[in-house]
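# Residue-level structural notes
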Amino acid sequence: MLSDAWAQVRSYPSRLVAVLVAVALGVGFLTATSVFTATSAEGLRLTAAAPLTRADIYLEADPSVAGEGRNTSGVPAWLAATARDENVASVDPVYARTIDVFGAAQRGLGNVLSLPGNPAVRWFTLSAGRWPAGPRDVVTDEQTLSALGVSMGSRLQVRTHREERDGERPKDLETVTITGVADLGFQPLTGVDFRFYADQRFFGDDVTTTALATVRDEGRLTGTIDRLNTTLPDGVEAATASSAADAAASRFVGGGNSLMFIMLGFALIAVLSAGIVIANTFTVLLTQRRRQTALLRLMGAHRSQVRTLILLESLIIGAMGSVLGLALGVGLGYLGARWQGLDGGGLVVNPFMLVLCLLAGIACTVAAAWLPARRATEVPPAAAWRTAAVSGQGAPSSRTLPRVALAVLVLGLAVAGVGAPAGNLAMVVFGGFLSAIGLLLVLRRLVTWMLPTLERVLGRMGVSAQVAGANLRRHPERTGSAAVALVIGTSLIVALMVGARSGQASVDADLKNRYPVDVSLRTSDTALSPGTVAGIHGLPDLTVAAVLPEAPARFPASPREWISAVLGAPADVLRAAGAEQLLRPRADASPGLLVSPQYLAAARLKDGSSVTAVVAGQRRSFTVHPSPLPSLAGPGLAVLHADTLAGLGVPTTTRTIWAVAGADADREAWRSAVGRVAALDPSITVSGGLSERGDIANILSILVNLSIAMLLVTVLIAVVGLANILRLSVVERTVEIALLRALGTRRGMIRAMLATEALGIGVIGALLGLVIGIPYGLLGVAAVVGRQATLVVDLPWTGMLGGILLISLCGVLAGILPGWQASRIPPAEGLTAQ
């Protein structure tokens, strides 16, 4: 029977192309998700835990014991004890320090990591230069060199970075020499702008809490770790470097799991869409093969044999499509990881997941063909000899089906609704998939309800459109089957667009509350230079910038919180920062004063409380309000309205300037420009929400890029399915089309009729997808940001309108080939068709 099924596939290959393409795309999507996840996870592992990849043992000491028992060489007792173990070949303490870096063209935060003394433990090579040979030698990567505007051999000014403390001067500047260029092979995840690597002597008397060790005999690694955990002081633990690397990577990969769940959810929906295309194709094909099925039955074939033959056909085409999809998915998954810069560990493939994707494609194809095969065998042989219309395809009308669908839909939404506030993406994905199944069970009915309206609209657009509208309404099951895949594709795209836009709006609103000002520059003890002020005022897309006068002050203090100065912010800055408390003061209250929430709590004050302070020698009363604004410039500060400070008539200095970016400002360009301005004065401290907003915007841009990929995959599946349904319907309607041609209908009108049918299906799919996609997108983004920020609904109307037009255009394109095929039917040949 397998040979008979193969013969059937070979006899009508063109009719099964849509099934092959749908299976390949669905399996390719699943495989790409698997490969992308595995490859990016290994890349993140290498990136997050690169220093551990060449070591055998990782040691970590509690800070309370890390510096105890130093010998004459200054080596702590736990490091010395590790080195004395018989199987330990080398021990290298690990140091890290955050520094402020001042380059020729840029300034920013840098991270300095110690290099192991044992060259075999170093996790990268040099592409040029030499390793550090002294305490002021460093190596760095090409990206850092380019950003700072320096080269190998250049000297840089750096200083140890610290949080600003009132009354303290910045640490002295030190000069380091770049002796080599590191060939890392990946993009480090350090959370800073620049990366450096130095000899252990660079860190002076710093106390380390971690170390890396190598062993002489790897076969005794486990025993060595057990022995170290027994002999080392309490508070020091030893573990394999590989397990420590896995733990370090999991902190990054854990965040990537959100993206993995999102991609997996979309992949499952794409597979579901492929299943619908497969079911529709087999339904039409088996309807057209009713006479052949009847002949088999009359020749003695049992229903089970006929059904098995059809399922074997689906098995063959499913296997072929799945193998093609595996190859496609592996390539696309790796390219996606490479595109995002997460391929540092090379291509990583999980064989088990590949087999699972292959079986999923085959199972989806066979399952989708099972119901059409069952219906085909239920037709009595005598009835099958008569010509049947495709309009009879589909599930019989039933009152039970809508009830089941509604129950599944409500259950799925309930699961997703519970998971969204808790930030449980797995529950949201599962609930969304379950509710999508419920929607799919009633989508055809929804399409059917829209057909009369569509027919009336098309009836006013000419004869071809009128005939097309009548055809769509006369074959509601065929129209519904063709529209379902488009609905899925459109809803997926809309959900992604809504999720990305609303997610960005939610994060922006949250960051605006925490960082009302984008950039704050403050000098340590001198007035701002004219060049610094001019540089900030010259930033592109600037909403407002202002220099803030400052006066010394003395407020009631606590051991941990104090206020030693007040800043005067002008009204335009306060308005841009949303500080309405100072813009609309109560008439019967003393002047408003913004303080940090931490100070308010430490001083046991409430919002609106009155406090007496001394400002530049004058005793004044103020009404305090909590705000994040004072903390942006540094600790020990409070903010007044500039007019209030000017009215006190006290002497002031100008050490601080604030700037607020426009809504459409390029955050990366701003960050670079601010770095160039700050590089002119090493005494400046830079703060504000600019960098964090830029980082989150970059993360969310991955979702936007992903939406483009989703659009291509889902629309392609839907268009293939729509084109195949229309093409097979042309075969079914040969006599009808031939009669129209015999009555004088021109070929152009036939093509217009098919194109209008495709356009109508596309419009229905786009509109239903819009209605369904918006709530699903909001549900998904609520799960991602719901626990960290308040959800802000921001719908991308322009993008969604463009998506609707694109889907409608794709519908027209899907009708081009069937329209051409229909227009080539000769009237005489069509009228003789049986």
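Before reading on, note that the structure itself is shown above.
Notes on the structure in this doc start here. Predicted model only: the values in this text are computed from it and were never measured.

The next thing to look at is the packing of aromatic side chains. Inspection of every chain in the model, using the stated rule, returns seven aromatic pairs. With a centroid separation of 4.9 Å and an interplanar angle of 55°, the aromatic rings of Phe-124 and Tyr-197 are classed as tilted. With a gap of 73 residues between them, Phe-124 in the loop between β4 (107-114) and β5 (125-129) and Tyr-197 in strand β9 (residues 194-198) connect regions that are remote in the sequence. On the basis of relative accessibility, which here comes to 5%, the residue Phe-124 falls in the buried class. The exposure class assigned to Tyr-197 is buried, which follows from its relative accessible area of 6%. Following the ring pairs from residue to residue traces out a cluster consisting of Trp-123, Phe-124, Trp-131 and Tyr-197. Stacked on the ring of Trp-131, the Lys or Arg Arg-122 has its end atom at 4.6 Å from the ring centre.

All right, on to the environment of Ala-723 then. Turning to its location among the elements, Ala-723 is positioned in helix α23 (residues 690-732). Here the alpha-carbon distance between Ala-723 and Ile-816, two residues 93 residues apart in the chain, equals 8.3 Å. When residues no more than four places from it in sequence are discounted, the contact partners of Ala-723 are Ala-814 and Pro-818.

Side-chain pairs of opposite charge can arise where the charged atoms are in close proximity. Counting across every chain of the model gives 13 salt bridges. The partner of Asp-217 in a salt bridge is Arg-220, and the shortest N-O contact between them spans 3.4 Å. Residue classification places Asp-217 among the partly exposed positions, given a relative accessible area of 34%. Taking the shortest distance from any N to any O, the salt bridge between Arg-501 and Asp-794 comes out at 3.9 Å. Of this pair, Arg-501 sits in helix α15 (residues 476-514) while Asp-794 sits in the loop between α25 (747-785) and α26 (797-814), placing them 293 residues apart in sequence. Note on Arg-501: relative accessible area 38%, which makes it partly exposed.

Of the strand pairs in this sheet, strand β3 (residues 96-102) and strand β7 (residues 155-160) are connected by four bridges, and their pairing is antiparallel. Following the sheet pairing, Ile-99 is matched in β7 by Thr-160.

Next up on the list: helix α24 (residues 734-742). Taken as a whole, α24 has its buried residues at Thr-734, Ile-737, Ala-738 and Arg-741. Down the axis of α24, the buried set is contained in an arc of 100°. They therefore lie on one face. Once α24 finishes, Gly-744 follows within two positions and takes phi at roughly 105°, a positive value.

On to a nonpolar patch on the surface. On the surface, a nonpolar cluster with roughly 350 Å² of combined accessible area is contributed by Leu-806, Leu-809, Leu-813 and Ile-816. Per-element accounting of the nonpolar patch gives the leading share, three residues, to α26. Among the residues examined, Leu-813 registers a relative accessible area of 48% and is labelled partly exposed.

With that settled, consider the sheet that holds strand β10 (residues 210-215). Each strand in a sheet pairs with another by means of backbone hydrogen bonds, the pair being arranged parallel or else antiparallel. Taking strand neighbours across the sheet as the criterion, the four strands line up as β2-β10-β1-β11 in an open arrangement whose pairing is antiparallel. Every interior strand has two partners, whereas the edge strands, β2 (88-94) and β11 (236-240), have only one. The average angle at which neighbouring strand axes cross in this sheet is 20°, direction not considered. Note that β2 and β10 share six bridges and pair antiparallel. Within the sheet, the bridge partner assigned to Val-88 lies in β10 and is Val-215. Contacting β1 (57-61), β2, β10 and β11, helix α6 (residues 221-231) runs over the sheet at an angle of about 170° to β11.

Reading the values: the criteria
- Residues numbered from 1 in each chain as written.
- Predicted model: local features only at pLDDT ≥ 70, side-chain atom pairs only at ≥ 80, totals over all residues.
- Heavy atoms only, no water.
- Phe/Tyr/Trp six-rings, centres within 6.5 Å; stacked < 30°, edge-to-face > 60°.
- Helix = DSSP H or I, 4+ residues; strand = E, 2+ residues; numbered from the N terminus.
- Buried < 20%, exposed > 50% of the residue type's maximum accessible area, 1.4 Å probe, protein only.
- Lys NZ or Arg CZ within 6 Å of the ring centre and 35° of its normal.
- Contact = heavy atoms within 4.5 Å.
- Salt bridge = Lys/Arg side-chain N within 4 Å of Asp/Glu carboxyl O.
- Pairing = 2+ DSSP bridges.
- Arc of directions from axis to C-beta.
- Patch = residues over 30% accessible without salt bridge, like charges linked within 9 Å, V, L, I, M, F, W, Y side chains within 5 Å.
- Areas by Shrake-Rupley, 256 points an atom, 1.4 Å probe, with all protein chains shown as cover.
- Axes fitted to C-alpha atoms, helices over the stretch in contact; angles between N-to-C directions.

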